[in-house]
Amino acid sequence: MEVVRSHRKPAEADDVVPTLPLYLSAPALQVRLEDFELYAVDRLRVLKEISDGLSRGKKSDEMEKLVRELWKLHMSHPHASEVVNKDIISHFVLRLVYCRTEELRKWFLSMETSLFRYRFRSETHEAQRALMAEFHLPYKTVTSAEFENVKDKLSQVARSTGQSLSSGDGIFYKVPFEEVPELVAGRRVYIQKGQAYVAMNQVVSLVVTQFRFLLSKALVLTNRKWTTMIREQEKDRLTPLVESLSLSYLGPDYSQPREFTEISLKDIDQVAKSSFPLCMRHLFEKLREDHHLKHGGRMQLGLFLKGVGLKLDDALAFWKAEFSRKFGAERFDKEYAYSIRHNYGKEGKRTDYTPYSCQKIISSMPGVGDHHGCPYRHFSEENLRAALGRMGVGSRALEDVMEKVRNKHYQLACTLTFEAVHGTSYDAGINHPNQYFSDSKKTLESRNNANIA
Amino acid sequence: MAGEGAENGRDDMIIDGSGADQQRQNNLIFDGVNVNYLKLYYGKLFPHADVFKWMSYGNDGKHPGCDHSYFGRREFSFTLDNDIYLRFQSFSGLSEMENSIREKCPFKIDIGPVYSVDPARRHAYAQGSDNVFTPVERELIFDIDMSDYDDVRYCCSGADVCLDCWPLMTVAIKVLDSALRDDFGFNHILWVYSGRRGVHCWVCDGKARRLNNEQRAAIADYFRVYKGNENSQKMVSLLGQALHPFLVRAHNEVLKIFFEEKLLSTQNLLLDEDRYEKILGMIPDESITSELRGKWADNRRSKEDINVVRWQQLKHMLQSAKQKLQLRRCVEEIVFSFTYPRLDMEVSRHMNHLLKAPFCVHPKTGRVCIPIDPNCCEDFDPTAVPTLSKILEELNTEGSRKEGDNEWDRTSLGDPVRYFRSSFLQPLLKSCKEEIESSYSAKLQESKNSLNW
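- You'll find chain B entered in an unreviewed UniProt entry as DNA primase, with Coffea arabica given as the organism.
- According to the UniProt record, the Sequence similarities (unreviewed entry) comment for chain B reads "Belongs to the eukaryotic-type primase small subunit family."

- The name that an unreviewed UniProt entry assigns to chain A is Probable DNA primase large subunit, with the source organism given as Coffea arabica.

Next comes the structure, spelled out in structure tokens:
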């Protein structure tokens with residue numbers, strides 16, 4: 001891909017086929033510098049909405065519809081032939097942006113795979129078959145004679161997973177069972193002599209798996225190229241653009257606290273009760289109780305408090321007051337003060353660490369003696385119910401929350417908790433504990449103001 | 001396994017075999033297995049050459065396509081009599097293996113995977129580089145242990161096994177063997193008695209040996225039905241409008257018959273209140289369970305086996321057409337809970353899992369781990385499996401030896417070894433040869449093609 005300065009260059013030959021691109025290699029297109037950024041931003045809007053939709057637990061059909069709408073809204077172009085170019089260019093630009101750390105790669109891979117999955121599902125069967133061929137997936141369709149022989153079994157399998165044979169279009173692929181381990185594990189396919197009979201709608205998972213696999217490898221390669229070559233070469237042109245793009249649209253990262261969210265030490269107990277999400281409330285309570293937290297808890301709670309507006313001096317005083325009741329002030333200064341200053345970027349490599357997002361917290365693995373992690377995921381049902389009860393969640397809402405937990409929609413469960421505790425509805429999904437906190441404060445303050453007025 | 005209770009009294013009984021041997025026992029009484037007998041066993045009876053041929057998978061050097069390093073990359077591990085555990089043992093050929101076994105006289109020999117390089121040189125390969133020390137081939141293995149069925153057998157528990165509960169293993173073999181062949185297309189399957197209370201399965205097809213961990217886990221999950229834990233009454237949950245064809249076949253061809261015609265009576269599953277309450281606890285309908293309870297409380301004698309009578313009553317109530325599908329399905333769930341194979345998932349999942357070698361002697365029972373023919377597994381009697389003392393005695397008392405005879409042929413080991421060779425090893429080696437030949441020709445063809453300009 002060649003990036004050129006301002007003047008307009010017509011797109012390459014208009015024989016661009018309107019199918020789903022596979023992004024297998026960077027195209028030989030020329031891009032204006034402005035378009036470089038604009039296209040990427042539009043695509044990022046789409047990816048972020050997908051992220052929101054998924055964390056709100058939208059089902060597949062809803063996601064498919066959402067993706068269609070988003071694509072029309074953000075990724076269209078006045079020149080029809082430019083639509084595919086925009087698609088391809090924006091993808092490759094974002095690869096540069098999101099290849100640079102493990103966490104960015106994971107997020108990008110996850111969103112692009114989802115985007116691909118729902119776009120693929122919207123395609124016609126012919127288009128899907130063509131795409132399968134492009135991935136070099138050499139599966140044969142089941143002939144109608146074969147189909148007659150196994151029809152009963154296929155129908156049984158379909159019904160065992162809550163579907164019916166007729167809802168498909170009777171097209172099945174014979175795939176070696178080794179290539180569809182997910183479907184085998186869930187007994188969602190009929191297998192005979194090592195061949196799995198994969199329905200059209202299950203083929204999606206084959207193709208998507210392949211897409212993810214290829215993109216994952218490509219991202220690692222891109223990162224290598226970026227660090228060894230591109231970043232330096234492009235330091236006056238693309239690099240600043242790429243670096244700024246990654247900071248936008250993932251939502252605020254809460255490293256710069258805003259005015260009204262500053263808290264002071266004397267308020268902290270009150271504020272913890274009213275506005276902390278359950279994960280932080282639990283850590284806070286345990287800290288008050290035990291006068292100690294293990295490393296994982298110190299990081300999760302400490303960074304959260306930083307995001308909430310607790311200044312470094314107040315933070316030091318806060319942790320010292322607690323820890324010295326168990327360990328003594330001197331030991332605190334020797335062993336723990338350093339790491340708090342480190343979190344605020346005042347020591348070592350002076351990175352100003354950002355508070356953990358829900359995704360990060362949910363995927364952590366608290367062990368014995370730990371209290372960090374996401375209670376909706378890591379607590380037993382009994383303990384979670386008790387904790388939510390103490391937060392003031394009523395019994396009806398409690399059941400809704402537990403339902404979400406059972407379906408592994410932890411962030412949705414937290415959102416429902418927010419709604420129950422504050423008595424309002426909350427339309428966005430909770431992605432970040434600091435988001436919970438700041439929206440809680442906003443809600444309570446507007447209620448106060450309303451009361452006063 | 002470690003932690004077994006003291007069972008020496010029972011051990012003597014098991015080792016004795018039949019009463020007639022009592023007199024000849026005088027010179028051979030011992031606790032468990034002692035080193036001298038093992039030395040004799042490894043010296044004259046253990047089929048070293050057959051195990052070597054098996055583990056070579058046709059790479060005997062006779063064909064240009066043979067891989068000379070193959071056998072040497074296989075891990076063996078030895079457990080010595082003072083509980084010393086030697087891992088990563090490897091041998092360049094038959095005589096090295098034979099000598100090492102005879103010299104070290106291990107109480108247990110485990111077989112691990114074939115690695116990318118000789119395990120003895122593993123430390124030379126740094127992690128994270130391109131040349132890694134990693135498993136490249138490993139049989140697909142399964143381990144079924146009777147102690148996992150303790151909650152559904154009343155005749156024995158723990159390490160004990162008798163002819164009333166052993167049929168649970170027979171059933172497991174039948175269900176899995178036919179699925180491995182018919183569903184997955186595997187052909188070279190070896191079932192082995194584990195020496196005390198279970199069975200092992202070795203699937204040795206090339207395709208099976210090359211499966212990765214994800215694929216192994218998928219197959220194990222395909223076979224998993226039982227999901228019991230202390231919190232649930234019901235251990236099996238069969239949802240969906242229909243059952244997957246694999247489960248249907250297992251139920252109709254094996255499990256139902258076994259449950260109704262054998263297990264119900266031999267385990268007296270519905271005889272007493274404690275036992276029938278366990279089954280009633282799996283039925284989520286108060287009106288039905290209380291009606292049944294009422295019928296059974298009065299303990300009427302009947303001509304027919306009371307368990308059978310009560311089961312018919314239970315089925316009749318649950319399966320009448322007016323019941324909801326989930327209630328009708330309860331009957332199958334109960335059958336599955338008691339009879340469906342319970343695999344040790346961890347054993348099958350990872351390529352590097354070690355498993356005891358066939359023809360070892362079980363250190364606690366003295367029994368030889370002999371193969372089981374799946375086609376007549378219902379005839380297999382674990383209490384009649386030859387013990388080390390028995391076969392050594394046979395060696396001593398049989399007539400003069402002819403030159404060139406295999407020693408084991410004069411003992412009870414004869415039949416098992418012959419079975420191993422004819423039903424498993426020979427067909428396997430034939431197929432391996434074919435594979436080596438065809439992949440060699442393919443490679444030749446490819447290099448010829450690449451020479452064409």
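1. So, the overall build of chain B
Part 1 of the argument: In terms of helices and strands, chain B carries 15 helices and nine strands.
Part 2 of the argument: Relative to its 453 residues, chain B shows a buried fraction of 51%.
Part 3 of the argument: When contacts within chain B are restricted to residue pairs at least 6 apart in sequence, those whose partners lie at least 24 apart make up 68%.
Part 4 of the argument: When the accessible surface of chain B is summed, it comes to about 21100 Å², and 48% of that surface belongs to carbon and sulfur atoms.

2. Some details on the environment of Arg-288 of chain A
All names here are of chain A.
Part 1 of the argument: If you trace the backbone, Arg-288 turns up in helix α11 (residues 278-290).
Part 2 of the argument: Assessed through its relative accessible area of 28%, Arg-288 is described here as partly exposed.
Part 3 of the argument: It is 9.6 Å that separates the C-alpha atoms of Arg-288 and Asp-269, two residues lying 19 residues apart in sequence.
Part 4 of the argument: Those residues in contact with Arg-288, other than ones at most four positions away along the chain, are Ile-268, Asp-269, Phe-318 and Glu-322.
Part 5 of the argument: Of note is the side chain of Arg-288, whose polar atom sits 2.3 Å from the side chain of Glu-322.

3. Observations regarding unusual backbone geometry
Part 1 of the argument: The phi angle at His-291 of chain A is positive, at roughly 60 degrees, despite the residue not being glycine.
Part 2 of the argument: Mapped onto the fold, His-291 of chain A is located in the loop between α11 and α12 (295-308).
Part 3 of the argument: Backbone geometry at Phe-359 of chain B places phi at a positive 70 degrees, although glycine is not the residue there.
Part 4 of the argument: Relative to the helices and strands, Phe-359 of chain B resides in the loop between β8 (355-356) and β9 (371-372).
Part 5 of the argument: Judged by its relative accessible area of 0%, Phe-359 of chain B is buried.

4. Describing the nonpolar core
Part 1 of the argument: Of all hydrophobic cores here, the largest spans 194 residues; its most connected members are Tyr-41, Trp-54, Phe-186, Phe-223 and Leu-413 of chain B.
Part 2 of the argument: Here this core gets 11 residues from one element, more than from any other, and that element is helix α8 (residues 200-233) of chain A.
Part 3 of the argument: Sequence-distant contacts of Tyr-41 of chain B, that is, excluding residues within four places in its chain, are made with Phe-46, Phe-359, Val-361, Val-368, Leu-388, Ile-391 and Leu-413 of chain B.

5. Here's the deal with the sheet that holds β9 of chain B
Residue and element names in this part refer to chain B.
Part 1 of the argument: Strands sit in the order β5-β7-β6-β9 across an open sheet of four strands; the sheet is antiparallel. The two strands at the open ends of the sheet, each matched to only one other strand, are β5 (140-145) and β9.
Part 2 of the argument: Where strand β6 (residues 189-193) lies against strand β7 (residues 198-203), five bridges are found, and the strand directions are antiparallel. Across the sheet, residue Tyr-193 finds its bridge partner in β7, namely Val-199.

6. Considering the side chain of Gln-300 of chain A
All names here are of chain A.
Part 1 of the argument: Tracing the backbone through its elements, the reader meets Gln-300 in helix α12.
Part 2 of the argument: Note on Gln-300: relative accessible area 2%, which makes it buried.
Part 3 of the argument: Filtering out sequence-adjacent residues up to four positions away, Gln-300 remains in contact with Cys-279, Met-280, Leu-283, Tyr-356, Ile-361, His-372 and Gly-373.

7. Quick notes on the UniProt feature "binding site: [4Fe-4S] cluster" (unreviewed entry) in chain A
Residue and element names in this part refer to chain A.
Part 1 of the argument: The positions UniProt marks with the feature "binding site: [4Fe-4S] cluster" (unreviewed entry) are Cys-279, Cys-358, Cys-374 and Cys-414. Despite a sequence span of 136 residues, these residues sit close together in the fold, their greatest C-alpha distance being 10.0 Å.
Part 2 of the argument: Mapped onto the fold, Cys-279 is located in helix α11.
Part 3 of the argument: Excluding anything up to four places from it in sequence, Cys-279 contacts Gln-300, Gly-373, Pro-375 and Pro-433.
Part 4 of the argument: Tracing the backbone shows Cys-358 in helix α15 (residues 358-362).
Part 5 of the argument: Leaving out residues up to four positions away in the same chain, Cys-358 has contacts with Gln-411, Ile-430, Asn-431, His-432 and Pro-433.

8. What about the pattern of salt bridges?
Part 1 of the argument: Scanning the model with the defined rule gives 57 salt bridges over all chains in all.
Part 2 of the argument: Taking the shortest distance from any N to any O, the salt bridge between Arg-73 of chain B and Asp-67 of chain B comes out at 2.8 Å.
Part 3 of the argument: By relative accessible area, Arg-73 of chain B is classed as buried at 12%.
Part 4 of the argument: Bridged by salt links that share partners, the residues Arg-43, Asp-87, Glu-112 and Arg-119 of chain A form one connected network.

9. What to know about the interface of chain A and chain B
Part 1 of the argument: On the chain B side, the residues contacting the 17 residues of chain A number 27 residues.
Part 2 of the argument: Counting the surface lost from both chain A and chain B, the interface buries some 1800 Å², and carbon and sulfur atoms represent 61% of this.
Part 3 of the argument: Together, Phe-177, Glu-178 and Arg-187 of chain A form the three largest contributors to the area buried by chain A at its contact with chain B, with a combined 35%.
Part 4 of the argument: Linking chain A to chain B there are two salt bridges.
Part 5 of the argument: Its salt-bridge partner being Asp-182 of chain B, residue Lys-193 of chain A comes within 3.9 Å of it at the nearest N-O pair.
Part 6 of the argument: Between chain A and chain B we count 10 residue pairs in polar contact (both at pLDDT 80 or more) in total.
Part 7 of the argument: Looking at the side of chain A that touches chain B, the elements with two or more residues in it are α6 (144-160), α7 (181-185) and β5 (190-192) of chain A.

10. Considerations on helix α5 (residues 167-183) of chain B
Residue and element names in this part refer to chain B.
Part 1 of the argument: The end-to-end C-alpha separation of α5 is 23 Å, in line with the 24 Å expected for 17 residues at 1.5 Å each.
Part 2 of the argument: Counted residue by residue, α5 has 13 buried out of 17 residues, so it is predominantly covered.
Part 3 of the argument: Of the residues one or two after α5, Gly-185 is the one with positive phi, at around 75 degrees.

11. With respect to the packing of helix α10 (residues 268-275) of chain A against α11 of chain A
Residue and element names in this part refer to chain A.
Part 1 of the argument: The N-to-C vectors of α10 and α11 enclose an angle of 145 degrees; their axes lie 9 Å apart at closest approach. With respect to the hand of their crossing, α10 and α11 are arranged in left-handed fashion. In this structure, α10 contributes Ile-268, Asp-269, Ala-272 and Lys-273 to the contact, and α11 contributes Arg-281, Phe-284 and Arg-288.
Part 2 of the argument: Split into classes, the residues belonging to the contact of α10 with α11 amount to three nonpolar, no polar and four charged.

What counts and how
- Residues numbered from 1 in each chain as written.
- Chains lettered and ligands numbered in written order.
- Predicted model: local features only at pLDDT ≥ 70, side-chain atom pairs only at ≥ 80, totals over all residues.
- Heavy atoms only, no water.
- UniProt positions renumbered as here; feature names shortened; annotations may be inferred.
- Helix = DSSP H or I, 4+ residues; strand = E, 2+ residues; numbered from the N terminus.
- Buried < 20%, exposed > 50% of the residue type's maximum accessible area, 1.4 Å probe, protein only.
- Contact = heavy atoms within 4.5 Å.
- Areas by Shrake-Rupley, 256 points an atom, 1.4 Å probe, with all protein chains shown as cover.
- Polar contact = N/O pair within 3.5 Å; in protein donor to acceptor, adjacent residues only side chain to side chain.
- Core = buried A, V, L, I, M, F, W, Y, C linked by side-chain atoms within 4.5 Å.
- Pairing = 2+ DSSP bridges.
- Salt bridge = Lys/Arg side-chain N within 4 Å of Asp/Glu carboxyl O.
- Buried area = accessible area lost by both parts, 1.4 Å probe.
- Expected span 1.5 Å × (residues − 1).
- Axes fitted to C-alpha atoms, helices over the stretch in contact; angles between N-to-C directions.
- Left-handed = near helix turned anticlockwise from the far one by under 90°.
- Nonpolar A, V, L, I, M, F, W, Y, C, P; charged D, E, K, R; others polar.

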